[in-house]
Amino acid sequence: SQFGFQGEDGIVGSFDLTELRTLLVDQNGRRVVQGNYRLFLRHALVHRTHEVLLMYCDHSGQFKKYEAAPWYQFARIYRNVLAHHDGSKLSRWIEPKHKEAAWRHRKLTPVDVGSQLYLDPWETLQLHVDMCVFLMRELQ
């Protein structure tokens, strides 16, 4: 079976979904697809929430307030981990002036570079909620 779309220039792009169907029919294949989909959802939730906050703060002149949030560095790092490489490893520490990034019971330091950074679905949702609460209560 095929899935496709057409752009404004008339070019049609299509994909053969036979392999996806085969994976979904197989129990082990279905687990792989579900795991990848969960990662995609976590990535989208944290990534978009962080980006919306950045955009809002930039337009409203409140970036310094967002950057001062105690969990800002953790959220930024987690968003970067999800967005790069395989979406699970802290590949580098890009803020030498910050010696740690903390949120709730989690703490990251430069020593964690090379380690897996995994938040379970509940923690990911909590990070999203914390960012949303900050947006609603702390920003104007």
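Refer to the structure presented above.
About the thresholds
Residues numbered from 1 in each chain as written. Predicted model: local features only at pLDDT ≥ 70, side-chain atom pairs only at ≥ 80, totals over all residues. Heavy atoms only, no water. Helix = DSSP H or I, 4+ residues; strand = E, 2+ residues; numbered from the N terminus. Buried < 20%, exposed > 50% of the residue type's maximum accessible area, 1.4 Å probe, protein only. Contact = heavy atoms within 4.5 Å. Polar contact = N/O pair within 3.5 Å; in protein donor to acceptor, adjacent residues only side chain to side chain. Phe/Tyr/Trp six-rings, centres within 6.5 Å; stacked < 30°, edge-to-face > 60°.

Q: Quick question: what am I supposed to make of the environment of Gln62 here?
A: Its place among the elements puts Gln62 in the loop between α2 (27-60) and α3 (63-67). Under the relative-accessibility criterion, Gln62 is labelled buried at 9%. Taking C-alpha positions, Gln62 is 8.4 Å from Gln140, a pair spaced 78 residues apart along the chain. Excluding residues within four positions of it along the chain, Gln62 makes contact with Tyr56, Cys57, Glu138, Leu139 and Gln140. In this structure the side chain of Gln62 is engaged in a polar contact, spanning 2.8 Å, whose partner is the side chain of Ser60. A distance of 2.9 Å separates a polar side-chain atom of Gln62 from the backbone oxygen of Gln140.

Q: For this particular structure, what's the right way to read the packing of aromatic side chains?
A: Both the distance between ring centres and the angle between the ring planes are used here to describe each pair of aromatic rings. Under the defined criterion, the tally for this structure stands at 8 aromatic pairs. Aromatic side chains Phe74 and Tyr78 sit 6.5 Å apart centroid to centroid with 20° between the ring planes, which places their arrangement in the stacked category. Separated by 4 residues within a single helix, Phe74 and Tyr78 lie in helix α4 (residues 72-83), roughly one turn from each other. As far as the burial class goes, Phe74 and Tyr78 line up, both buried. Among the aromatic residues, those joined into a ring-pair cluster are Phe63, Tyr66, Trp71, Tyr72 and Phe134.

Q: Explain the environment of Thr124 to me, please; I cannot follow it from the model alone.
A: As for its position among the elements, Thr124 is in helix α5 (residues 121-138). Under the relative-accessibility criterion, Thr124 is labelled buried at 1%. For the pair Thr124 and Gly61, spaced 63 residues apart in sequence, the C-alpha separation works out to 27 Å. Residues within four places of Thr124 in sequence aside, it is in contact with Arg42, Leu45, Val46, Tyr78 and Leu119.

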